[in-house]
Amino acid sequence: FLARHAGLHILTLGIDDTDAVLARLRRAWGCMPDVSYTHRAVDDADKEGVQARFALITPPDRPAGRVHLIRHEKPEALWQPRFLRHPNKVAAWEEIVLVAPEPAVSAAWYSVLAGRPLVPDAWGGFTLVLPRGRIRIVPGPLQNAPAPPCFAALTLRTSDGTGALRALLEARALEHAVTDDC
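All figures in this text were calculated on a predicted structure; none of them were measured in a lab.

The subject of this paragraph is the overall build of the protein. Looking only at helices and strands, the protein features 4 helices and 9 strands. In the protein, the order of α-helices and β-strands from amino to carboxyl end is β-α-β-β-β-α-β-α-β-β-β-β-α. Expected size for 182 residues packed as a compact globule is a radius of gyration near 16 Å; at 18 Å, the protein falls within 12% of this value. For the protein, the proportion of its 182 residues judged to be buried stands at 32%. Considering only contacts in the protein between residues 6 or more positions apart, those separated by 24 or more positions represent 59%. Counting every atom, the protein has about 11100 Å² of accessible surface; 55% of that belongs to carbon and sulfur. Once the 21 positive and 20 negative side-chain charges of the protein are each reduced to a mean point, those two points are 2 Å apart.

What follows is the structure, encoded as structure tokens:
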């Protein structure tokens with residue numbers, strides 16, 4: 001993926017019931033890889049300590065990138081206050097924009113993947129509203145974005161009006177845009 005362009009290439013969506021999701025995807029698409037289970041130490045300094053555990057469904061890669069469906073088997077291991085604070089002050093992701101040559105085809109795939117309906121998007125494509133955030137699937141190309149298909153933009157919500165995030169991006173000379181003072 002990085003040979004195509006620098007930037008976003010992996011999207012991970014949370015799920016609750018891996019068996020139900022896998023059954024739904026197999027009904028829709030036929031062959032799907034089994035659920036894989038993985039774990040890792042929460043604290044790099046203590047490899048034998050608390051382990052975060054995940055159930056993962058990874059459909060075949062899409063042209064824009066890889067998509068994972070993940071269920072945290074031990075959410076309390078990762079969702080601790082010490083892991084939820086970061087110098088960038090990001091509190092949540094609001095949306096990701098997928099630019100696709102055929103938005104309807106890509107939107108249908110993501111709709112099946114997420115098990116959610118599509119709504120028309122103001123940019124001429126479709127929006128998939130998720131429990132937290134949304135995926136906008138729109139025609140391209142977009143200004144300053146790689147050639148489609150690609151994840152072209154990510155909107156993040158911060159807890160400080162973007163001050164910390166803007167400072168980090170500028171300190172690292174990373175290209176970014178600020179709109180509506182956010």
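Once the structure has been displayed, the description carries forward.
Let us now look at the nonpolar core. Of all hydrophobic cores here, the largest spans 25 residues; its most connected members are L11, I57, L69, Y110, L113 and I135. Broken down by secondary-structure element, the contributors of at least two residues to this core are strand 1 (10–14), helix 1 (18–29), strand 3 (51–57), strand 4 (66–72), strand 5 (90–99), helix 3 (103–114) and strand 8 (134–138). Of all the elements, helix 3 adds the most residues to this core, at 4 residues. Beyond its immediate sequence surroundings of up to four residues, L69 is in contact with L13, I15, V21, L25, A55, L56, I57 and L113.

The subject of this paragraph is the sheet that holds strand 4. The 4 strands lie next to each other as 1-4-3-2, forming an open sheet whose pairing is mixed. Where the open sheet ends on each side, the last strands, each with one partner, are strand 1 and strand 2 (36–41). Averaged over all neighbouring strand pairs, the angle between strand axes comes to 35°, with direction disregarded. Relative to strand 4, strand 3 runs antiparallel, the two sharing 4 bridges.

Rules behind the numbers
- Throughout, a residue's number is its position along its own chain's written sequence, starting from 1.
- Local features in this predicted model are restricted to residues whose pLDDT is 70 or higher, and side-chain atom pairs enter the listing and the counts only when it is 80 or higher, whereas totals over whole chains, interfaces and linings include all residues.
- For side-chain calculations, the full set of non-hydrogen atoms in the structure is used, while hydrogens and water are omitted.
- Starting at the N terminus, helices and strands are each numbered in turn, a helix being any DSSP run of H or I of at least four residues and a strand any DSSP run of E of at least two.
- With C-alpha atoms as the basis for the radius of gyration, the globule rule is written as 2.2 Å multiplied by the number of residues raised to the power 0.38.
- Summary of the burial criterion: residues with accessible area below 20% of their type's maximum are buried, those above 50% are exposed, and those between are partly exposed, where the area comes from a 1.4 Å probe applied to protein chains only.
- Note on contacts: a residue pair qualifies if any of its non-hydrogen atoms lie within 4.5 Å across the two residues.
- Only the protein chains shown count as covering a residue, and every accessible area follows the Shrake-Rupley method with a 1.4 Å probe.
- In this tally, Lys and Arg are treated as positive and Asp and Glu as negative; His is ignored, and so are the chain termini.
- To locate a charge, take NZ of a lysine, CZ of an arginine, CG of an aspartate or CD of a glutamate.
- Each nonpolar core is a collection of buried residues, namely Ala, Val, Leu, Ile, Met, Phe, Trp, Tyr and Cys, held together in the definition by side-chain atoms within 4.5 Å.
- For two strands to be treated as a pair, DSSP must find at least two bridges joining them.
- Throughout, an axis means a line fitted to C-alpha atoms (over the contacting stretch in the case of helices), and angles, computed between N-to-C directions, take values from 0 to 180 degrees.

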